[in-house]
Amino acid sequence: MIRTMIALALAAGFGAFAQQAAPTYDLLLRGGHVLDDKNHIDGLMDVAIKDGKIARVAAHIPSSSALKTVDVKVCT
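Residues numbered from 1 in each chain as written. Predicted model: local features only at pLDDT ≥ 70, side-chain atom pairs only at ≥ 80, totals over all residues. Heavy atoms only, no water.

### Points about the sheet that holds strand β2 (residues 41–50)
Thought 1: What the four strands build is an open sheet, ordered β3-β2-β1-β4; its pairing is mixed. The sheet is open, and its two borders are formed by β3 (53–58) and β4 (66–71), each paired with just one other strand. For this sheet, the mean angle separating the axes of adjacent strands, direction not counted, is 30°.
Thought 2: Alignment of strand β1 (residues 25–36) against β2, held across eight bridges, turns out to be antiparallel. Of the residues in β2, the one forming a bridge with H33 is L44. (Pairing = 2+ DSSP bridges. Helix = DSSP H or I, 4+ residues; strand = E, 2+ residues; numbered from the N terminus. Axes fitted to C-alpha atoms, helices over the stretch in contact; angles between N-to-C directions.)

Put into C-alpha cells, the structure is as follows:
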C-alpha cells in the first residue's frame, strides 16, 4: 500500500513538470536596433510586449516566453 501511494505521488509530481507554463509576453521583437536615451541603450536588443506595453528589453529573451516572435533584424 505504501509503495502504491509513493508511486502515485511520484506520478503526480512528474505530471506537473510535463505541463508548460503559459508564455509571459504577447509579442517578442528579436534583434532590432533599440535607441533609448533614458536608459542608455543603443544596440541590438530584443523587446518583449505584454498587454500593448513594453515589458522587457534585453540582449536575449527566449522565443518560448512569447506567444509570437518576429525577427526584426535588418540585413544590410
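### Considering unusual backbone geometry
Of all residues except glycine, most have a negative phi; of all peptide bonds, most are trans.
Thought 1: Backbone geometry at H40 places phi at a positive 55°, although glycine is not the residue there.
Thought 2: For H40, a relative accessible area of 75% puts it in the exposed group.
Thought 3: The phi dihedral of D51 falls on the positive side, at around 55°, and the residue is not glycine. (Buried < 20%, exposed > 50% of the residue type's maximum accessible area, 1.4 Å probe, protein only.)

### Examining the pairing of β1
Thought 1: Here β1 pairs with β4 via five bridges, running parallel. Bridge pairing in β4 links L28 to T69.
Thought 2: Linking β1 back to β2 in an antiparallel pair, the connection comprises four residues, with H40 at a positive phi of about 55°.

### Section: the nonpolar core
Thought 1: Residues Y25, L28, A48, A58, I61 and A66 constitute the largest nonpolar core, which totals six residues.
Thought 2: The residues touching Y25, leaving out its near neighbours within four places in the chain, are A48, I49, K50, A55, R56, I61, S65, A66 and L67. (Core = buried A, V, L, I, M, F, W, Y, C linked by side-chain atoms within 4.5 Å. Contact = heavy atoms within 4.5 Å.)

### Some points on the pattern of salt bridges
Thought 1: Across all of its chains, the model carries two salt bridges by this definition.
Thought 2: Between D26 and K50 there is a salt bridge, with its nearest N and O atoms 3.7 Å apart. Pair noted here: D26 is in strand β1 and K50 is in strand β2, with a separation of 24 residues, a long-range link.
Thought 3: Using a relative accessible area of 28% as the deciding quantity, one classes D26 as partly exposed.
Thought 4: For K50, a relative accessible area of 31% corresponds to the partly exposed category.
Thought 5: The salt bridge involving D46 is made with R30; its shortest N-O contact spans 3.5 Å. Of this pair, D46 sits in strand β2 while R30 sits in strand β1; the two residues are 16 residues apart in sequence, bridging distant segments of the chain. (Salt bridge = Lys/Arg side-chain N within 4 Å of Asp/Glu carboxyl O.)

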